[in-house]
Amino acid sequence: MKQLLEHIRTDALAAFSAAGDAQALDALRVKYLGKKGELTALLKQMGRLSPEERPVMGQLANQVREALASALERRQRDLEAQALTARLTSEAVDVTIPGRPAVLGHRHPMYIALDEIKDIFVSMGFQVVDGPEVELAEYNFDKLNAEEGHPSRDWSDTFYFDTDSRVMLRSQTSPMQVRSMEVMPLPIRIIAPGRVYRKDEVDATHSPMFHQVEGMVIDKNVTMADLKGTLNLLAEQLFGKGTVTRFRPHHFPFTEPSCEMDVQCHKCGGAGCPTCKGEGWIELLGAGMIHPNVLRMAGIDPEIWSGWAFGMGLERTAMRRFKIADLRLIFENDMRFLEQF
Ligand code: DAH
């Protein structure tokens, strides 16, 4: 029996150190130390020994069991350490490899122009306001003095949501004049940038969706001279000192008198070229003194208060500001184009 015990010890210890992973080691634990294992089987035969031999063998058996148990534990720890080292090596990150640079976005030229416009007006005490793109015809037309039958109210020009022509995509930012008059205390100085929609085909200068910036001042003793002074300043700050402008009479239902402001062509200096279609001038915005009817409908007394307003196309302004030839470039968002600004 002594030999058998020694044999188990040598066998088991060799097998433990040869075990390649935790699973194999556990199988060996069952084989040697388990309830049906070799050592247990041997101990069951102790009964056959003589009374003198029994305690000696018992002691030896215990020694073997302890030796196996502690060898097993040691091997277990070694295997765990090995596995950890292997994992650390295989999952190692080389922190010295240069990173991939993150691709940063780029400000869109039209929004660069808009930010410049906002800065110019905010520095003059204007507030920037925002309003709905889905608008009531009441605000887009009625309260702006454009009564039923006005050509721009036609279904061929405007996107309506209902058959009664009451809800629409705003065709201009001018409804923000009325919305501001209705909720803001006087005097008012606002600009209102945003999207507008018209049934236009896409070409080099048209799009069914485009952007406008509306501006409005209501105060006491406001005159056309304030309008011209402010808009000339806008042109100089946007396009550079010495930018030449001109004001032409025009008609808008919500202003009286009304005008359009042109900027002298940056390409030809007014001589006429393809950029200005031979005109020498590029139209920049519509403006005028707010019609007394519009003030009255918003509950403002035109005998006490007066005001002026303007509306400018943002794409067109950006095109002039950055000398862009085709409106479609503004909407295509080709990175090669956008990154030039
Ligand atoms: N809303 C006009 C348009 O879309 C532009 C405009 C003209 C706005 C005169 C104004 C204004 O505020 O006073 O063509």
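Residues numbered from 1 in each chain as written. Predicted model: local features only at pLDDT ≥ 70, side-chain atom pairs only at ≥ 80, totals over all residues. Heavy atoms only, no water.

## Some thoughts on the domain arrangement of the protein chain
One frequently used descriptor of interface size is the decrease in accessible area upon assembly of the parts.
So, step 1. By domain assignment, the protein chain separates into domain 1 (2-90) and domain 2 (109-338).
So, step 2. The straight-line distance from the C-alpha centre of domain 1 to that of domain 2 is 91 Å. (Domains from an automatic or database assignment.)

## Focus on the packing of helix α2 (residues 22-33) against helix α4 (residues 53-90)
So, step 1. Running from N to C, α2 and α4 cross one another at 175°; their axes reach a closest spacing of 10 Å. By the angle class used here, α2 and α4 are roughly antiparallel. Taking contact as the criterion, the partners of Ala22, Leu25, Arg29, Tyr32 and Leu33 in α2 are, on α4, Arg65, Leu68, Ala69, Leu72, Arg75, Gln76 and Leu79.
So, step 2. Its residues assigned to classes, the contact of α2 with α4 shows eight nonpolar, one polar and three charged. (Axes fitted to C-alpha atoms, helices over the stretch in contact; angles between N-to-C directions. Helix = DSSP H or I, 4+ residues; strand = E, 2+ residues; numbered from the N terminus. Parallel < 35°, antiparallel > 145°, perpendicular 65-115°, else oblique. Contact = heavy atoms within 4.5 Å. Nonpolar A, V, L, I, M, F, W, Y, C, P; charged D, E, K, R; others polar.)

## Overview of a negative patch on the surface
So, step 1. Among the surface-exposed residues, Asp154, Asp157, Asp200, Glu201 and Asp203 lie close enough to one another that they form a single negatively charged patch.
So, step 2. Looking at where Asp203 falls in the secondary structure, it is placed in the loop between β4 (188-197) and β5 (209-219). (Patch = residues over 30% accessible without salt bridge, like charges linked within 9 Å, V, L, I, M, F, W, Y side chains within 5 Å. Areas by Shrake-Rupley, 256 points an atom, 1.4 Å probe, with all protein chains shown as cover. Salt bridge = Lys/Arg side-chain N within 4 Å of Asp/Glu carboxyl O. Lys, Arg positive; Asp, Glu negative; His and termini not counted. Charge placed at Lys NZ, Arg CZ, Asp CG, Glu CD.)

## Section: the packing of helix α1 (residues 2-18) against α4
So, step 1. Look at α1 against α4: their axes get within 10 Å of each other, and the N-to-C directions meet at 0°. Taken as axis vectors, α1 and α4 run roughly parallel relative to one another. Of the residues in α4, those in contact with Lys2, Leu5, Glu6, Ile8, Arg9, Ala12, Leu13, Phe16 and Ser17 of α1 are Met57, Leu60, Ala61, Val64, Ala67, Leu68, Ala71, Leu72 and Arg75.
So, step 2. A breakdown of the residues in the contact of α1 with α4 according to their chemical character gives 13 nonpolar, one polar and four charged.

## Topic: the site of the ligand
So, step 1. In the vicinity of the ligand, 15 residues are found, and the nearest of them are Gln172, Gln177, Arg198, Gln212 and Glu214.
So, step 2. The separation between an oxygen atom of the ligand and a polar side-chain atom of Glu214 is 2.6 Å.
So, step 3. In the complex, 90% of the free accessible area of the ligand, which totals 350 Å², lies under the protein chains.
So, step 4. Those elements that provide at least two residues to the shell around the ligand are β5, β8 (281-290) and β9 (306-313).
So, step 5. Looking at the shell around the ligand, its residues break down into five nonpolar, eight polar and two charged. (Near = heavy atom within 4 Å. Polar contact = N/O pair within 3.5 Å; in protein donor to acceptor, adjacent residues only side chain to side chain.)

## Examining the pairing of β8
So, step 1. Burial runs high along β8: nine of the ten residues are buried.
So, step 2. Where strand β7 (residues 255-264) lies against β8, eight bridges are found, and the strand directions are antiparallel. What sits directly across from Thr255, in β8, is Ile290.
So, step 3. Where β8 and β9 come together, five bridges link them in antiparallel fashion. Paired with Gly288 across the strands is Ala309, a residue of β9. (Buried < 20%, exposed > 50% of the residue type's maximum accessible area, 1.4 Å probe, protein only. Pairing = 2+ DSSP bridges.)

## Notes on the sheet that holds strand β1 (residues 127-128)
So, step 1. Across the sheet, which stays open at both edges, the seven strands sit in the order β1-β4-β5-β9-β8-β7-β6 with mixed pairing between neighbours. Sheet topology places β1 and β6 (245-252) at the edges, where each strand pairs with a single neighbour.
So, step 2. Where β1 and β4 come together, two bridges link them in parallel fashion. Residue pairing across strands places Gln127 opposite Ile190, the latter belonging to β4.
So, step 3. Strand contacts of helix α5 (residues 109-122): β1, β4, β5 and β9, with the helix running at about 165° to β4, the strand carrying the most contacts.
So, step 4. Docked against the sheet, helix α10 (residues 314-322) engages β5, β7, β8 and β9, running at close to 65° with respect to β9.

## Regarding the nonpolar core
So, step 1. With 37 residues, the main nonpolar core has Leu231, Leu234, Leu285, Trp308, Phe310 and Met312 as its most contacted residues.
So, step 2. Looking at which element gives the most residues to this core, the answer is α5, with seven residues.
So, step 3. Aside from chain neighbours lying at most four places away, what touches Leu234 is Ile120, Phe121, Leu285 and Met312.
So, step 4. Judged by nonpolar contacts, the second largest core, of 21 residues, contains Ala19, Leu42, Met46 and Ala71. (Core = buried A, V, L, I, M, F, W, Y, C linked by side-chain atoms within 4.5 Å.)

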